[in-house]
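Working through the structure, step by step
Listed below, chain by chain, are the residues.
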4 protein chains.
Amino acid sequence: MGGSIYGNHFRISTWGESHGKALGVVIDGCPAGLPLSEEDIQPFMDRRKPGQSAITTQRNEDDKVEILSGVFEGKTTGTPISIIVYNKDHHSTDYSNIANVFRPGHADYTFYKKYGLRDYRGGGRSSARETVARVAAGAVASKILKTLGISVNAYTKSIADIEIDYNNFNLDERNNNIVCMPDAEAAEKSVEFLKQQMADMDSAGGVVECVATNVFAGIGEPVFDKLDAKLAQALMSIGAVKGVEIGEGFNASKLPGSVDNDAFKVDNDVISKTSNHAGGILGGISDGSPIVVRAGIKATPSIAKTQSTANEAGENIDINIKGRHDPVVVPRAVVVVESMVCLTLVDLIFASMTSRMDNIIDFFNNRD
Amino acid sequence: MGGSIYGNHFRISTWGESHGKALGVVIDGCPAGLPLSEEDIQPFMDRRKPGQSAITTQRNEDDKVEILSGVFEGKTTGTPISIIVYNKDHHSTDYSNIANVFRPGHADYTFYKKYGLRDYRGGGRSSARETVARVAAGAVASKILKTLGISVNAYTKSIADIEIDYNNFNLDERNNNIVCMPDAEAAEKSVEFLKQQMADMDSAGGVVECVATNVFAGIGEPVFDKLDAKLAQALMSIGAVKGVEIGEGFNASKLPGSVDNDAFKVDNDVISKTSNHAGGILGGISDGSPIVVRAGIKATPSIAKTQSTANEAGENIDINIKGRHDPVVVPRAVVVVESMVCLTLVDLIFASMTSRMDNIIDFFNNRD
Amino acid sequence: MGGSIYGNHFRISTWGESHGKALGVVIDGCPAGLPLSEEDIQPFMDRRKPGQSAITTQRNEDDKVEILSGVFEGKTTGTPISIIVYNKDHHSTDYSNIANVFRPGHADYTFYKKYGLRDYRGGGRSSARETVARVAAGAVASKILKTLGISVNAYTKSIADIEIDYNNFNLDERNNNIVCMPDAEAAEKSVEFLKQQMADMDSAGGVVECVATNVFAGIGEPVFDKLDAKLAQALMSIGAVKGVEIGEGFNASKLPGSVDNDAFKVDNDVISKTSNHAGGILGGISDGSPIVVRAGIKATPSIAKTQSTANEAGENIDINIKGRHDPVVVPRAVVVVESMVCLTLVDLIFASMTSRMDNIIDFFNNRD
Amino acid sequence: MGGSIYGNHFRISTWGESHGKALGVVIDGCPAGLPLSEEDIQPFMDRRKPGQSAITTQRNEDDKVEILSGVFEGKTTGTPISIIVYNKDHHSTDYSNIANVFRPGHADYTFYKKYGLRDYRGGGRSSARETVARVAAGAVASKILKTLGISVNAYTKSIADIEIDYNNFNLDERNNNIVCMPDAEAAEKSVEFLKQQMADMDSAGGVVECVATNVFAGIGEPVFDKLDAKLAQALMSIGAVKGVEIGEGFNASKLPGSVDNDAFKVDNDVISKTSNHAGGILGGISDGSPIVVRAGIKATPSIAKTQSTANEAGENIDINIKGRHDPVVVPRAVVVVESMVCLTLVDLIFASMTSRMDNIIDFFNNRD
């Protein structure tokens, strides 16, 4: 079985490799009547595209999206939406020296073992470039959520040991610095740190945090398709992510119940929580508080330092990875995390529509 | 959509509530010819059942499994295996006082919002008792894995701040102490700590770690059904789990690439890695090294301490949760984590069988 | 992969063999708040159960259903509904003589080839008794449809060459005769014919027709999960069904477009069709007219006449099938067809709820 | 939920409308190592493309396929294969006169009711042109089957009342006539008949038959994903198909068991059947005999004759459908039926690989 389809109600099918002709996604299950054009999607693509700064790769891609189907007279028709992004800058020759080498920390070896052969050009399907398709679909999901009053925002929480200070938190600031941090000071420190890593021919990781606000209570399908469970799959499926947590996350394992429990309270007949250690999810179902999720991302495995490894011929060798490589993927992962959260929320929001018989009856009575 | 089905090739459908008549699971897709009886499953049930010690609940359940279908003359037939566990000790009256109260840290409120009503007896489907069905299915998955030469073992890595020392690591020791720690010393400290938490009318969380050895390289379906992504869903779907990580996990976000990368080496024509920061998964596919995964578990939300909360009538109230409650769920979650890892591995191992055309041709040529 | 799960939104997982301990079904995705008890299901079971007449088998089963989960205080809770039916009359010894014989027209050989072994007692999972679980789930689906104002009724249209006369059509009559025909005269002829077949140690087939009225226009998910496509799968999945057709069915292949096309007309602002050759489905989507579907069912393969066949030892042998066998399965298949249509309709009605963005917005605005 | 994804192991996701920019398919789960190029697919496209004869439409399309991903150095890589066919000849203006009219026999009304709007250009997604994507995927599935030694061939069995004579059966003849009949005489009569229908401003339907030979015994997943059940879904999902049957099909409802049953026999230790009324499927599982399936196809609904109907404004009107329209879709449906059979077989052949534990053990032992 292939694994390039995600979702049960709002399903995406992604395709494409780093150095193939194009990458794209087919969205099956987008409701009809949503105003949609390339202008809704392009800004998301621009947020993830390479070639933006001193600490990112020089690959020259427009990442210009084109909608091929599913939209008519400016609106979605309810039929599959096919979106394509052509690869402009795919100089395969750059990669010929690593064609039969298993780069440490990369998927070269595992793809080879799984498939018996591999597209060695830029990592093929295991390249971070694969996320182009996720982000294109995520932009559509994000528009659906906005239409329903829901906001989803991701940002860099930390680069290596440098963490944002929530006292300085300013989401707008995220767009002003090249590390996507909502804290100017931490961003500055991070950039300095990353420059040093580059000078040292090394790389760095970090943490991306994502917050979704105004999510209806009641989203998530116990017991296996709980909201947190699907968010965990969604985020862990992003290359380089090694950990996912919700609310307090691993820290919750250290807190006593008396501290970790969020009390409910009633104010003007509205029930809310006095704190949000739970990250907006109880029993795998949204509770109306902000959903808070984090992804821990490892350092870019491509480093200029000499590394020892093996090749397909079964020889122990040394390699020096050349070519363009970000010292950190975290800033570009921000919009990918946001996209995966949007896709998961739309899918589970749609799933939730059949939770209650009375709502179903109303639905069909109210429809014209 | 309901969310009580897990897996694509080896699919389980679980059912049952804390205080219903029974709980159970239907396994669809278990291969024919596997020797199977209740004796294979019961030991897994016994590992998770309550009433075992001073720090666990007094609920008196045999958790005796019965296979109702899918096995004939001691072997699986390839048709659905239905397994049932009857609830013996379900005194609903114990819970009447919380029938219309939203307990902090529990799923009472979210189930109520989602479904418009809820089975308040012991949390209904949101009870940890739901995992009975997961463990029954996990025992079958575990037997399949053993038949293929794969071992999966989970244990408690930490309770609150008390962590095992890998220098003292002894897996057998896990079965000798009531906190399921493979380190006698850490176990003793943990038990002391938990007794204090009980005395303080409070609770604690911890971390469960699971290691799978001898997993073939090549398991995991990029890009959304990667091995790590499905493990993340599987573990996060367990109640009280708030974080999941693979290998170095969140710590990988702090390490430079030069440290986090695992070098490949060749020894006698066999390729392996010199370290395992990756936790046995690269690009979402197993690399032949041990799979290492951890789940961060929050403290039991049911505490004897007075807590403020709200009820269905929209009133602010104080509650004191009475009745039997573990101060920690971590030890009983160990076999649940192990089960979910087994279920995920079997599902993706089966999925991997169609990765290569040459293997498929061989398969049909070799079959009688 | 096992194939015992049906549906995407209202999913059923069935299990059980002819001579196992029990049969059952787990329904995942039934909305909360539906009043439900065994009394809703038992009448469906009674319609399919054996031992009812001179032309049906003498197997003595109560087929008493028991709900094990998912219902609390008389209403569904939104969590999985587990339904069980115990087998009372399972004398395995009756079948020992056919343990290693491949009965003509049965699935003995194919199960053996697929699974390498088989439960030979009464056909195991390939027995018509498997449909017990479908009917139990179908009863729940039927109740949901009734709540939405939709009626589904199946009946025997023909036994061998004896067909009902629509001029005599009376649905109530269906319950008055043992062949489930809505035409007393055709029923009488059929019974005579079947008695003759029994005397001849032979059997017969027939056609079941099913009509669903008041189905909303707009149900069905092009292009693969069209309403007619899923109905075709649903009906063809019933043992002994060899053909499925919608509306004119195969006869449509002989009609010119000018005859087969149904004209639309407007009456008091309501659009309807002047005829219904299409059987209520256009482009795979319901058009508001009655859905009309038929299943062609082969003769019972178990006949008393001597037949030549092979056994597992690879010998050519003669067999005389003894024991209880209906000369026709058609009458008992009626409620099975009805159940599969109900299950398919509920699943696709739920799927249709996300077809239009405006309806989704209204849904979440209208919810409390 | 959208319905444009088919298959569980070899999954296709199709997209595109009659008059959009392009149509295409993404195949997820194609094994790695299959030699594949556009040359494997183009012949299938050519078999279905319009503009071929006096009795087919004049639409001028090359239907030139392009593979965008998933193939590297002439072989599949195991990652998603994206295939695209651009629309050349999409004169939307041709269709403006029917923009708000509900054509009889078409899906205009049902799409409008389902989605609230519709792409009226040539029927949008409900056009027969949608099958371009199915055929492209079917060509890949066909190549996999050939690699496994399996042949699948469809042909026109009848046009209206004109049926092929099996005494004249010659598969090669199928390619020599414009109605795809394997009988020159019947073909000639059919062409004459169709010319008359065109002269009468009317249309015709027919039956397509498909035979798959050398299919391994043991394919099909009881009880819902039986081979016949999935074939029924696959074929009924093709536009204009109103009936599906296997082997004797509806005729089986008229035969006594003594005639319809196929006897097993042993010859030189090989078990086979002495007849094939079952069409190669028993209990939903292939029995090693040829798989025989038929699809009944209605007459083209677009006819030049004046028809009465309704429009979106709710008015009763008369229409004369102009433009290019085949008097029969049957010949072009032949390769579509063949494609859907291939897709279904590959999917279920892959599914069957986990039926037996001994085969699974062998698989992993034999793998390098």
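Calculation rules
Residues numbered from 1 in each chain as written. Chains lettered and ligands numbered in written order. Predicted model: local features only at pLDDT ≥ 70, side-chain atom pairs only at ≥ 80, totals over all residues. Heavy atoms only, no water. Helix = DSSP H or I, 4+ residues; strand = E, 2+ residues; numbered from the N terminus. Rg over C-alpha atoms; globule rule 2.2 N^0.38 Å. Buried < 20%, exposed > 50% of the residue type's maximum accessible area, 1.4 Å probe, protein only. Contact = heavy atoms within 4.5 Å. Areas by Shrake-Rupley, 256 points an atom, 1.4 Å probe, with all protein chains shown as cover. Lys, Arg positive; Asp, Glu negative; His and termini not counted. Charge placed at Lys NZ, Arg CZ, Asp CG, Glu CD. Core = buried A, V, L, I, M, F, W, Y, C linked by side-chain atoms within 4.5 Å. Buried area = accessible area lost by both parts, 1.4 Å probe. Salt bridge = Lys/Arg side-chain N within 4 Å of Asp/Glu carboxyl O. Nonpolar A, V, L, I, M, F, W, Y, C, P; charged D, E, K, R; others polar. Pairing = 2+ DSSP bridges. Least-squares fit on C-alpha atoms with pLDDT ≥ 70 in both. Polar contact = N/O pair within 3.5 Å; in protein donor to acceptor, adjacent residues only side chain to side chain. Expected span 1.5 Å × (residues − 1). Axes fitted to C-alpha atoms, helices over the stretch in contact; angles between N-to-C directions. Parallel < 35°, antiparallel > 145°, perpendicular 65-115°, else oblique.

The number of helices and strands found in chain A is eight helices and 18 strands. Relative to a compact globule of 368 residues, whose C-alpha radius of gyration would be 21 Å, chain A shows 22 Å and is just as compact. Out of the 368 residues in chain A, the part that is buried amounts to 69%. Contacts in chain A between residues at least 24 apart in sequence constitute 68% of all its contacts with a sequence separation of at least 6. A total accessible area of about 11,100 Å² is found for chain A, and carbon and sulfur atoms account for 46% of it. Here chain A carries 37 positive and 47 negative side-chain charges, and the mean point of each set is 5 Å from the other.

So, about the nonpolar core. Within the largest apolar cluster, 370 residues are counted, with the highest numbers of intra-cluster contacts made by F10(A), F10(B), F10(C) and F10(D). Residues contacting F10(B), with those up to four places away along its chain left out, are I27(B), D28(B), G29(B), C30(B), V140(B), A141(B), I144(B), L343(B), V346(B), D347(B) and F350(B).

What follows deals with the environment of F111(B). Residue position: F111(B) is located in helix α2 (residues 108-115). Judged by relative accessible area, which is 7%, F111(B) ranks as buried. Between the C-alpha atom of F111(B) and that of G123(B), which follows or precedes it by twelve residues, the distance is 9.4 Å. Excluding residues within four positions of it along the chain, F111(B) makes contact with P222(A), G283(A), I285(A), G116(B), L117(B), R118(B), R125(B), S126(B) and T79(C).

Let us now look at the interface of chain B and chain A. Between chain B and chain A, the contact holds 107 residues from the first and 107 residues from the second. Between chain B and chain A, roughly 8,100 Å² of surface is buried when both sides are summed, and carbon and sulfur atoms account for 59% of that area. Close ionic contact of E221(A) with K114(B) constitutes a salt bridge, the shortest N to O distance being 2.8 Å. Here the side of chain B that touches chain A is composed, by residue class, of 44 nonpolar, 38 polar and 25 charged. As paired elements, strand β11 (residues 241-246) of chain A and strand β12 (residues 241-246) of chain B share three bridges and run antiparallel to each other. The partner of V244(A) across the bridge, within β12(B), is V244(B).

Each copy superposes on the other: chain B lies on chain A with an RMSD of 0.0 Å after a rotation of 180 degrees and an axial shift of 0.0 Å. Expressed as an axis order, the relation between the two copies is that of a two-fold axis. In this assembly, 100% of the residues forming the interface of chain B have copies in chain A that are likewise at the interface, indicating an isologous arrangement.

Moving on to the interface of chain B and chain C. Many descriptions give the size of an interface as the accessible area lost when the pieces come together. The interface is formed by 45 residues belonging to chain B together with 45 residues belonging to chain C. Buried area between chain B and chain C, summed over both chains or domains, comes out near 3,600 Å², and the portion from carbon and sulfur atoms is 61%. Our enumeration of links across chain B and chain C arrives at two salt bridges. Among the salt bridges present, the one from E66(C) reaches K21(B), with a minimum N-O distance of 3.0 Å. Across the contact surface, chain B and chain C share 13 residue pairs in polar contact (both at pLDDT 80 or more). Of all elements in the fold, only β2 (11-16), β3 (22-28), β4 (65-67), β6 (75-76), β7 (81-86) and α2 of chain B reach the threshold of two or more residues within the side of chain B that touches chain C. Sort the elements by how many residues they give to the side of chain B that touches chain C and β2(B) lands first, with five residues.

This brings us to helix α3 (residues 131-147) of chain A. Residues and elements named next belong to chain A. When the terminal C-alpha atoms of α3 are compared, their 24 Å separation across 17 residues agrees well with the 24 Å that a helix rising 1.5 Å per residue should span. Among the 17 residues in α3, 14 count as buried, and that is most of the element. Within two residues after α3, G149 carries a phi angle of roughly 90 degrees, on the positive side.

Residues and elements named next belong to chain C. Along the chain, the position of I178 falls in the loop between β9 (162-163) and α4 (184-199). Judged by its relative accessible area of 34%, I178 falls in the partly exposed class. Between the C-alpha atom of I178 and that of S53, which follows or precedes it by 125 residues, the distance is 6.8 Å. If we skip the residues at most four places from it in the chain, I178 touches S53, I55, V191 and P331.

Residue and element names in this part refer to chain A. Running from amino to carboxyl end, helix α1 (residues 38-48) crosses helix α7 (residues 330-351) at an angle of 140 degrees, the nearest separation of the two axes being 7 Å. Judged on the interaxial angle alone, α7 and α1 are oblique. Residues F44, R47 and R48 of α1 lie in contact with α7, whose contacting residues are R332, V334, V335, E338 and S339.

Turning our eyes to something else, we now look at the side chain of Q233(D). Residue position: Q233(D) is located in helix α5 (residues 227-236). On the basis of relative accessibility, which here comes to 2%, the residue Q233(D) falls in the buried class. Of note is the side chain of Q233(D), whose polar atom sits 3.1 Å from the backbone oxygen of F224(C). A polar atom in the side chain of Q233(D) sits 2.8 Å from the side chain of K230(D). Setting aside residues up to four positions removed in sequence, Q233(D) forms contacts with F224(C), D225(C), A229(C), K230(C), A232(C), Q233(C) and Y6(D).

Residues and elements named next belong to chain B. Taken together, five strands build an open sheet; the order of strands is β1-β2-β3-β7-β4 and the sheet is antiparallel. The open sheet has two free edges, formed respectively by β1 (5-6) and β4, since each of these has just one partner strand. Pairing analysis gives two bridges linking β1 to β2, with the strands arranged antiparallel. Directly across from I5, in β2, lies its bridge partner S13.

Moving on, we get to the sheet that holds strand β3 (residues 22-28) of chain C. By definition, the strands of a sheet pair up through backbone hydrogen bonds, in either a parallel or an antiparallel sense. Residue and element names in this part refer to chain C. In space, the five strands of this open sheet follow the order β1-β2-β3-β7-β4, with antiparallel pairing throughout. The open sheet is flanked by β1 (5-6) and β4 (65-67), the only strands paired with a single partner. As judged from the three bridges shared by β4 and strand β7 (residues 81-86), these two strands associate in the antiparallel manner. Each bridged residue has a counterpart across the sheet, and for V65 the counterpart in β7 is V85. Against the sheet, helix α1 (residues 38-48) contacts β4 and β7, and its axis sits at roughly 150 degrees relative to β4.

This part takes up the pairing of strand β9 (residues 151-159) of chain B. All names here are of chain B. For β9, the tally of buried residues reaches seven of nine residues, placing the bulk of the element in the interior. The sheet contact formed by β9 and strand β11 (residues 206-213) spans eight bridges and is antiparallel. Bridged to I159 within β11 is G206. With two bridges joining them, β9 and strand β10 (residues 162-163) adopt antiparallel strand pairing. By the bridge assignment for β10, I159 is matched with I162.

This next bit is on helix α2 (residues 108-115) of chain C. The buried count for α2(C) comes to six of eight residues, which makes it a mostly enclosed element. Listed as buried for α2(C) are D108(C), Y109(C), T110(C), F111(C), K114(C) and Y115(C). As for α2(C), its buried residues are in contact with β12 (264-267), β13 (270-273), β14 (281-282) and β15 (285-286) of chain D.

All right, on to the side chain of R134(B) then. Looking at the secondary structure, you find R134(B) in helix α3 (residues 131-147). Exposure remark for R134(B): the relative accessible area of 0% places this residue in the buried category. Polar side-chain contacts of R134(B) include one of 3.2 Å to the backbone oxygen of V223(A).

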